[in-house]
Each structure stands twice: as structure tokens, then as C-alpha cells.
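Next come the chains, spelled out residue by residue.
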Amino acid sequence: MYEVIGAIRSRTRRVLWMLEEIGAAYTRNAASARSDEVRAINPTGKIPALIVEGTVLTDSTAIVQFLADRHAKFTFETGTLERAQQDGFTQRILDEFDSILWMAGRHDHYLPEDERIPEVRNTVAKELARNMAALAPDLDGKDFLMGGVMTVPDLILAHCLDWAKSAGFEISEPILQDYAKRLRSRDAYRRTLAMRD
Ligand SMILES: N[C@@H](CCC(=O)N[C@@H](CS)C(=O)NCC(=O)O)C(=O)O
């Protein structure tokens with residue numbers, strides 16, 4: 001039994017989505033980032049965290065990959081060339097989507113007001129558009145980043161595309177629009193979307 005820590009409107013959704021995909025049993029504690037409750041579990045105050053057999057795991061991508069490895073689903077095996085390619089996509093999505101969206105989020109609402117630079121949003125919009133255009137060929141004629149099989153970086157990318165949309169950034173590439181639609185139509189995704197804290 002897993003325990004997921006974190007409010008739904010955060011990267012916690014990635015962990016819940018993976019758990020729904022693999023059909024593992026879990027409980028939820030929808031604690032907010034930086035709350036005392038979260039700090040008692042993860043001293044950085046960040047969410048999500050996953051408690052497994054009394055051990056606290058942190059970082060959504062690390063947790064999602066752990067679940068994939070442990071349940072041997074949505075991942076290639078470690079030590080294979082396919083796994084190296086899969087991990088390359090994961091890191092690329094984190095560099096080119098997650099970190100940029102987080103930059104926009106910090107300057108939009110997270111940093112102390114006197115540290116926010118509103119113009120960052122324009123730079124982020126341009127950078128996201130460039131990164132989407134660069135990624136589109138990697139999805140041309142494929143259902144998922146690794147071809148016919150959904151793996152961890154697909155889950156992270158689909159979440160980032162949702163995040164971009166909800167933050168008001170355009171999904172500029174038709175290939176990425178179709179891809180996001182395909183992933184959003186999955187039953188496990190829909191179940192996480194219906195979740196409330
Ligand atoms: N790379 C980490 C980032 C975790 C993170 O920054 N989470 C946000 C919510 S989505 C948070 O807890 N922010 C609070 C803070 O930065 O103090 C992950 O993927 O889990």
C-alpha cells in the first residue's frame with residue numbers, strides 16, 4: 001500500500017496518474033506544499049512525496065519511474081538501449097518543459113512579490129514554442145515518445161502540456177495537440193482529473 005502526499009493541483013497528479021495506470025492500491029493525503037504537515041514528511045516542504053513501507057520518496061519523476069520499475073510497466077528495463085533513450089526523453093522534458101513552466105509559475109505567483117519579473121512570461125512563451133517545435137518531429141507517426149508503448153516521459157510530457165495550457169500558454173504544434181488529446185482520453189488519466197482534495 002502506497003501513501004501519496006500532496007494536493008491534486010500540483011505535480012502530485014503525475015504520481016496519482018501512474019498509480020491509476022498500474023492499478024496499485026494507495027491512500028491519499030492532500031496536504032499543501034510548504035504546510036507543516038508536508039514539512040514533517042519532506043523537510044523541503046515540496047510535494048509530491050510517496051511513503052513506501054515507511055520510507056519517504058520525493059520528486060514526482062523519481063517516484064513515477066520507481067513505480068514503473070517496481071511494477072515493470074510503462075518503462076524499458078534498466079541497462080537497455082531503449083531505457084537510455086527513454087531516460088533521455090525524460091530529462092529533455094524536464095529541461096525543456098517542466099523547468100521553464102516552473103520558472104513562469106515562480107514569477108507569476110510563487111516568489112515574493114518584489115522578486116517577480118513579469119517579462120519572464122514572454123521569454124517562457126517563446127522558449128516553450130521553440131521546444132514544442134523541436135519535439136514535434138520526435139512524435140511524428142508515433143503514438144508515444146518511444147513509439148508504440150507509453151513510458152514514463154509520456155506521462156511527464158502530457159502533464160506539462162496540461163500545465164502549459166492551464167497557465168495560458170499555447171500548444172503550438174498540431175502533433176502535440178493530438179498527442180495530448182490521446183493521453184487525456186485514457187481512463188486512468190480521467191480518473192485523476194475527477195479527483196478533488
Ligand atoms: N522536481 C520536483 C519539484 C517539486 C515541486 O517544486 N513541487 C511544487 C508543487 S508542484 C512545490 O511543492 N512547491 C513548493 C516550493 O517550491 O516551496 C518534483 O517533480 O516533484
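Predicted model, so just to flag it, every value in this text is computed and none were measured.

Taken together, S10, R11, A33, R34, K46, I47, P48, D59, S60, W102 and Y110 make up the full set of residues near the ligand. The separation between an oxygen atom of the ligand and a polar side-chain atom of R34 is 2.7 Å. At 2.8 Å from a nitrogen atom of the ligand is found a main-chain nitrogen or oxygen belonging to I47. Given that more than half its atoms are within 2 Å of the pocket grid, the ligand belongs to the largest pocket. For the shell around the ligand, the residue count by class is five nonpolar, two polar and four charged.

Next up on the list: the environment of L176. Its location among the elements puts L176 in helix 7 (residues 174–184). On the basis of relative accessible area, L176 is assigned to the buried category, the value being 0%. In sequence terms L176 and L155 are 21 residues apart; their C-alpha atoms lie 13 Å from each other. Not counting chain neighbours up to four residues away, the residues in contact with L176 comprise M132, L135, L139, L161 and I171.

Now for the pairing of strand 4 (residues 55–58). A regular strand places its side chains on the two faces of the sheet in alternate fashion. Taken together, the four bridges between strand 3 (residues 49–52) and strand 4 define a ladder with antiparallel strand orientation. By the bridge assignment for strand 4, I51 is matched with V56. Hairpin connection of strand 3 to strand 4: two residues between the antiparallel strands, including E53 at a positive phi of 50 degrees.

For the protein chain, the assigned domains are domain 1 (2–73) and domain 2 (81–186). Its C-alpha centre places domain 1 at a distance of 21 Å from the equivalent point of domain 2. The interface of domain 1 with domain 2 comprises 14 residues on the first partner and 18 residues on the second. For the domain 1 and domain 2 pair, buried surface summed over both sides reaches about 1,400 Å², with 58% attributable to carbon and sulfur atoms. Counting across the interface, domain 1 meets domain 2 through four salt bridges. In this structure, R186 engages E21 in a salt bridge whose closest nitrogen and oxygen atoms are separated by 2.7 Å.

Right, let's talk about the pairing of strand 3 for a bit. Where strand 1 (residues 2–5) meets strand 3, four bridges bridge the pair, whose relative direction is antiparallel. Looking at strand 3, one finds that Y2 is bridged to V52.

Further remarks concern the pattern of salt bridges. Applying the stated criterion across every chain yields a total of twelve salt bridges. Measuring nitrogen to oxygen at the nearest pair gives 3.1 Å for the salt bridge that ties R11 to D98. Linking R11 in the loop between strand 1 and helix 1 (12–22) with D98 in helix 4 (residues 81–110), this pair joins segments that are 87 residues apart in sequence. Among the residues examined, R11 registers a relative accessible area of 18% and is labelled buried. On the accessibility criterion, D98 (10% relative accessible area) is buried. For E96, the salt bridge goes to R92, with nearest N and O atoms at 3.6 Å. Here the residue E96 and the residue R92 both occupy positions in helix 4, the gap between them amounting to four residues, near one helical turn.

Taken as a whole, the largest pocket encloses approximately 1,100 Å³ of empty space. Forming the boundary of the largest pocket are 37 residues, of which R9, S10, R11, W102 and W163 lie nearest the centre. For the lining of the largest pocket, the elements supplying multiple residues, two or more each, are helix 1, helix 3 (60–71), helix 4 and helix 6 (152–166). Looking at which element gives the most residues to the lining of the largest pocket, the answer is helix 4, with nine residues. Considering only residue class, the lining of the largest pocket consists of 14 nonpolar, eleven polar and twelve charged. Counting contributing residues per domain, the lining of the largest pocket is built from domain 1 (2–73) and domain 2 (81–186), each supplying no fewer than three.

Rules used throughout
- Residues numbered from 1 in each chain as written.
- Predicted model: local features only at pLDDT ≥ 70, side-chain atom pairs only at ≥ 80, totals over all residues.
- Heavy atoms only, no water.
- Near = heavy atom within 4 Å.
- Polar contact = N/O pair within 3.5 Å; in protein donor to acceptor, adjacent residues only side chain to side chain.
- 1 Å grid on protein atoms, 1.4 Å probe; cavity = no way out; pocket = protein on both sides within 12 Å on 5 of 7 lines; lining within 4 Å.
- Sits in = over half its atoms within 2 Å of the grid points.
- Nonpolar A, V, L, I, M, F, W, Y, C, P; charged D, E, K, R; others polar.
- Helix = DSSP H or I, 4+ residues; strand = E, 2+ residues; numbered from the N terminus.
- Buried < 20%, exposed > 50% of the residue type's maximum accessible area, 1.4 Å probe, protein only.
- Contact = heavy atoms within 4.5 Å.
- Pairing = 2+ DSSP bridges.
- Domains from an automatic or database assignment.
- Buried area = accessible area lost by both parts, 1.4 Å probe.
- Salt bridge = Lys/Arg side-chain N within 4 Å of Asp/Glu carboxyl O.
- Points joined across faces, edges and corners; volume = space filled by probe spheres on them.

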